[in-house]
Every structure is written in C-alpha cells, then in structure tokens.
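Here's the letter readout for the chains.
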Amino acid sequence: TTTIGTGGTGAVNIGNTTGNTTITGSGTISNGLTVSAGGAAITGTTNINTTGGATTTIGTGTGAVSIGNTTGGTTIAGFTTLSNGLTISSGGATISAGGLTVSAGGETITGTTNINTSGSYATNIGVGGTGTVSIGNTTGNTAITGSTTISNGLTVSAGGETIVGTTNINASGSAAT
C-alpha cells in the first residue's frame, strides 16, 4: 500500500501542468471529484449515483447540456421535471404508460397531429377548466365524425348551418322550441 497525503488538511497535488496523469486500476474517491480546465472525457459504460437516495445534479450552469447520441436512444427512467420547456425535433415523441401533463403555459403543436388514434381510450379536451376551448380554424372546416353530444347548448354563427338527413328538433317535447 502506498499512502500519499493522508495525515494533513492541505491539498495534495499529483501530476503536472503540461502532461497527463494516469491512474490505472480501480480507484475510490470518497469526498467528491472536481474536474476543471477542460472537463472530463469518460468512455465506456458509466454509472452515476446508482445506489442511495442522493440527488444527482448535471449541468446547472448556463451552457447547453447534451445527453444522448445521434444513433442510439436515450432512456430517462423515473419522474422527470422540465422547468424551462421541451423542444423535440427530428423524430417526434412517443409517450406511453402515464401520459403527458403540460401546465404553466400549455403547449404549441405545429403540423398534422393525431390524438388517440387507436384503442378504446376516451379522449378529453378542455374538461377541467372554465376557459373557452377552441377547435378548428378560420379558413378550413372542422370535421366531427361519430355521434356528438352537446350538453350546454350550441351556437352557430357566420354562415348558419346545413343539416342533411333526418333531423329531430326538440324530440322530447319537454322544452320550448
């Protein structure tokens, strides 16, 4: 066993300013590691904070933090909070087993968007709030397929309505028409 600098409280310097210092074999750093002046290049399978309940913090400065690679996938396991938004480009996103909750500003989706394209799950839009829910646009049409229930009245304006087929108005007879 070789012991270096275990008895004092001052810094222990190993290496030099122009060359590299190589540690071969396994090593243990028990009170943290600070890497500066060039950062660290870590290759191979790397595990960070694999045991215990300590918080792992990556990239809390002002620069961009890149995680993942261009050819493989990046997996995030566990609950994830994105406090400054999320931008997804090139490939889209698949979210399953738990869904997606968006709050504090909502979301903007551009392009063809499909919601609940398979299965028998219910799709709810605007059921929790008291604000207006707008669907459609000013120049195109909005198609509703399947039966539709409107529980708090229907207002049709700017062009009226065209009804094709058998139509019953006030079929129950219990209200004024």
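Whatever comes next refers back to the structure up there.
Topic: the overall build of the protein chain
Here comes step 1: Along its length, the protein chain carries zero helices and zero strands.
Here comes step 2: Computed over C-alpha atoms, the radius of gyration of the protein chain comes to 30 Å, more than 25% over the 16 Å expected from 2.2 N^0.38 for 177 residues, which places it beyond the range of a compact globule.
Here comes step 3: Over its C-alpha atoms, taken along the principal directions, the protein chain stretches across nearly 95 × 30 × 30 Å.
Here comes step 4: Considering the protein chain as a whole, with its 177 residues, one finds that 0% of them fall into the buried category.
Here comes step 5: By element, 48% of the accessible surface of the protein chain is carried by carbon and sulfur atoms, the whole surface being about 17300 Å².

Brief notes about unusual backbone geometry
Here comes step 1: Residue N49 is not a glycine yet carries a positive backbone phi of 50°.
Here comes step 2: The backbone phi angle of N116 is positive, close to 50°, even though this residue is not glycine.

What counts as what
- Residues numbered from 1 in each chain as written.
- Predicted model: local features only at pLDDT ≥ 70, side-chain atom pairs only at ≥ 80, totals over all residues.
- Heavy atoms only, no water.
- Helix = DSSP H or I, 4+ residues; strand = E, 2+ residues; numbered from the N terminus.
- Rg over C-alpha atoms; globule rule 2.2 N^0.38 Å.
- Buried < 20%, exposed > 50% of the residue type's maximum accessible area, 1.4 Å probe, protein only.
- Areas by Shrake-Rupley, 256 points an atom, 1.4 Å probe, with all protein chains shown as cover.

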